[in-house]
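Close look at the chain arrangement
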Amino acid sequence: MILNDPIMIIGDGIQSSAILQCESPLVLGVTVAAAALGGRYAMRAWQAFKARPSVPRTRRFYEGGFQHAMTRREAALILGVREHAAMEKIKEAHRRVMVANHPDSGGSHYLASKVNEAKDMLIRGRAKGTGTSASAF
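Let me begin by describing the structure that accompanies this report. (Residues numbered from 1 in each chain as written. Predicted model: local features only at pLDDT ≥ 70, side-chain atom pairs only at ≥ 80, totals over all residues. Heavy atoms only, no water.)

The next point concerns the overall build of the protein. Check the secondary structure of the protein and you find 4 helices and 2 strands. Listed N to C, the secondary structure of the protein is β-β-α-α-α-α in terms of helices and strands. A buried classification covers 15% of the 137 residues belonging to the protein. The long-range fraction of contacts in the protein, counting pairs at least 24 apart against all pairs at least 6 apart in sequence, stands at 47%. Accessible surface, the protein: about 11,100 Å² in total, of which carbon and sulfur atoms supply 60%. (Helix = DSSP H or I, 4+ residues; strand = E, 2+ residues; numbered from the N terminus. Buried < 20%, exposed > 50% of the residue type's maximum accessible area, 1.4 Å probe, protein only. Contact = heavy atoms within 4.5 Å. Areas by Shrake-Rupley, 256 points an atom, 1.4 Å probe, with all protein chains shown as cover.)

Encoded structure:
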């Protein structure tokens, strides 16, 4: 029997775990190093996340200029809804924007007329899309 050989064959050809016993400290060291580097990366990422400037998550109104003839896209941007939004969503958005821009509370008549035009454009488009007529005639 050779003492320097890490693999010993026992009886029926079963190998000894001498190699596994030699490699386990190496595997353990690599695992600890990988965990330490991963932890370091996670700590730096968390610190960078905390240090970023806070951005308010409020909804903003349409800031662009108006086109000569209003389109469905522009109407949806003014009210802050999708072009094919439900009727309740359109009415709720119209109410919210009108509260902010009503002429009786210091808002502009021009902006109020554009908000009303946007609501009419989207509601009229919904009436056409459902197959019902918006007119009584």
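Here histidine 94 is to be found in helix α3 (residues 87-101). For histidine 94, the residues in contact, after removing those within four places along its chain, are Leu79, Val115, Asn116 and Lys119.

This next bit is on α3. Residues separated by three or four positions in an α-helix point in the same direction, a consequence of the helix having 3.6 residues per turn. When the terminal C-alpha atoms of α3 are compared, their 21 Å separation across 15 residues agrees well with the 21 Å that a helix rising 1.5 Å per residue should span. Among all positions of α3, only Ile90, Ala93, His94, Val97 and Met98 are buried. Down the axis of α3, the smallest arc covering the buried residues is 130°, so these residues share one side. Among the exposed residues of α3, those pointing more than 90 degrees away from its buried face are Glu88, Lys89, Arg95 and Val99. (Expected span 1.5 Å × (residues − 1). Arc of directions from axis to C-beta.)

All right, on to the nonpolar core then. In terms of nonpolar packing, the biggest core is built from 15 residues, with Met70, Ala75, Leu79, Val81, Val115, Ala118 and Leu122 touching the most fellow members. Listing elements by their share of this core, those giving two or more residues are α2 (72-79), α3 and α4 (109-130). The contacts of leucine 79, once residues within four sequence positions are left out, are Ile90, Ala93, His94, Arg96, Val97, Val115, Ala118, Lys119 and Leu122. (Core = buried A, V, L, I, M, F, W, Y, C linked by side-chain atoms within 4.5 Å.)

The complete set of buried residues in α2 reads Glu74, Ala75, Ala76, Ile78 and Leu79. Phi turns positive, to about 75°, at glycine 80, one or two residues after α2.

Okay, the environment of lysine 89 next. For lysine 89, the position within the fold is in helix α3. Look at lysine 89 and you get exposed, because its relative accessible area is 54%. For the pair lysine 89 and leucine 79, spaced 10 residues apart in sequence, the C-alpha separation works out to 9.6 Å.

Right, let's get into the environment of isoleucine 78. Turning to its location among the elements, isoleucine 78 is positioned in helix α2. Residue isoleucine 78 is classed as buried on the basis of its relative accessible area, which comes to 6%. Separated by 36 residues in sequence, isoleucine 78 and lysine 114 have C-alpha atoms that sit 8.3 Å apart.

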